[in-house]
Amino acid sequence: MLICVGSTNPIKLGAVSDALREIDSQWRIKSVDVSSGVSAQPWCDETFAGARNRAMEALLDGECDIGIGIEGGVCWNRGKIVAYAVIYAMSRDKENFSISPTFTLSNELSKLVLEGKELGEATDLVYRRSNTKRAEGAVGMLTRLIDRKRLYKDSVILALYPFYNGDV
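Residues numbered from 1 in each chain as written. Predicted model: local features only at pLDDT ≥ 70, side-chain atom pairs only at ≥ 80, totals over all residues. Heavy atoms only, no water.

What follows deals with the overall build of the protein chain. Along the backbone of the protein chain there are six helices and six strands. Ordered by position from the N terminus, the helices and strands of the protein chain form the series β-α-β-α-β-β-β-β-α-α-α-α. What you see for the protein chain is a C-alpha radius of gyration of 15 Å, in line with the 15 Å of a compact globule of 168 residues. In the protein chain, which comprises 168 residues, the share counted as buried stands at 51%. Accessible surface for the protein chain amounts to roughly 8600 Å². Of this, 47% is attributable to carbon and sulfur atoms. (Helix = DSSP H or I, 4+ residues; strand = E, 2+ residues; numbered from the N terminus. Rg over C-alpha atoms; globule rule 2.2 N^0.38 Å. Buried < 20%, exposed > 50% of the residue type's maximum accessible area, 1.4 Å probe, protein only. Areas by Shrake-Rupley, 256 points an atom, 1.4 Å probe, with all protein chains shown as cover.)

Set out below in structure tokens:
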């Protein structure tokens, strides 16, 4: 079985790889460069659309059995901006999704996101780093314990359960 991930980001690919290893699957992974079809910084429900679009576009690669889309987004919750990811898994006859844990953004990050910066760009500016969205991300900089790959891995497993465990 071939899993096509709608991204070239090594963190997203690593999360899928780690999830498949934990599932004990022999499925292969292929990276497919696709567009999310949503804003560079998705807000709320737009995050779900971006993840589903990525999964659907990845599945269009004729070799693929399952497309996976991972989209990070932000949303207002209880007066704070929270960040999270949506993971969609889709075959030609079924689909499922899951949501990663959420985490609140710092005041500095929130301010920049509200000014229109994408969270990765805001994180780079606040922490004087480069390309953190292809590394530990905002969650890694804030917690120093949980990086983006860890944040995504369990959610990938949750999105994939109907494909390896059947609908229960």
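There's plenty left to go through after this.
Below, the discussion takes up helix H3 (residues 107-114). Those residues of H3 that sit buried are Leu109, Ser110, Leu112 and Val113. The buried residues of H3 occupy one face: seen down the axis, they fall within an arc of 165°. Those residues of H3 that are exposed and aimed more than 90 degrees away from the buried face are Asn107, Glu108 and Lys111. Among the structural elements, strand E3 (66-77), strand E4 (80-90), helix H4 (119-127) and helix H5 (137-143) are those in contact with the buried residues of H3. Following H3 by one or two positions, Gly116 adopts a phi angle in the positive range, close to 105°. (Arc of directions from axis to C-beta. Contact = heavy atoms within 4.5 Å.)

Once that is clear, we can look at the state of the cysteines. Applying the stated rule across the entire model yields two disulfides. Between the sulfur atoms of Cys4 and its disulfide partner Cys64 the distance amounts to 1.7 Å. Taking the sign of the S-S torsion, -75° for the link of Cys4 and Cys64, the bridge is left-handed. Here Cys4, found in strand E1 (residues 2-5), pairs with Cys64, found in the loop between helix H2 (45-59) and E3; they are 60 residues apart in sequence, far enough to count as distant. On the basis of relative accessible area, Cys4 is assigned to the buried category, the value being 0%. Cys64 sits in the buried class, given a relative accessible area of 1%. Note on cysteine connectivity: Cys44 is disulfide-linked to Cys75, with sulfurs 2.0 Å apart. Taking the torsion about the sulfur-sulfur bond, which here is approximately 95°, the covalent link between Cys44 and Cys75 counts as right-handed. Note that Cys44 is positioned in the loop between strand E2 (28-31) and H2 and Cys75 in strand E3, a separation of 31 residues in sequence. Of the residues examined, Cys44 reaches a relative accessible area of 25% and is grouped as partly exposed. In this structure Cys75 comes out as buried when scored by relative accessible area, which is 16%. (Disulfide = S-S within 2.5 Å.)

Another point: the pattern of salt bridges. Enumeration according to the criterion identifies 12 salt bridges in this entry. Note that Lys153 and Glu22 form a salt bridge whose closest N and O atoms lie 2.5 Å from each other. Here Lys153, found in helix H6 (residues 148-164), pairs with Glu22, found in helix H1 (residues 10-23); they are 131 residues apart in sequence, far enough to count as distant. Note that Lys111 is salt-bridged to Glu115, the shortest N-O span being 2.8 Å. (Salt bridge = Lys/Arg side-chain N within 4 Å of Asp/Glu carboxyl O.)

Along the polypeptide, Ser110 turns up in helix H3. Dropping the residues within four chain positions of it, Ser110 is found in contact with Ile81 and Leu105.

Turning to the packing of aromatic side chains, a few remarks are in order. Any pair of aromatic rings gets described here by the distance separating the centres and the angle formed by the planes. Under the definition given, this model contains two aromatic pairs. Arranged with centres 5.7 Å apart and planes meeting at 85°, the rings of Phe48 and Phe97 form a pair that is edge-to-face. Within this pair, whereas Phe48 is found in helix H2, its partner Phe97 is found in strand E5 (residues 95-99), the two being separated by 49 residues in sequence. The structure contains a cluster of three or more aromatic residues connected by ring pairs, namely Phe48, Tyr88 and Phe97. The side chain of Lys94 reaches across the aromatic face of Phe163, ending 5.4 Å from its centre. (Phe/Tyr/Trp six-rings, centres within 6.5 Å; stacked < 30°, edge-to-face > 60°. Lys NZ or Arg CZ within 6 Å of the ring centre and 35° of its normal.)

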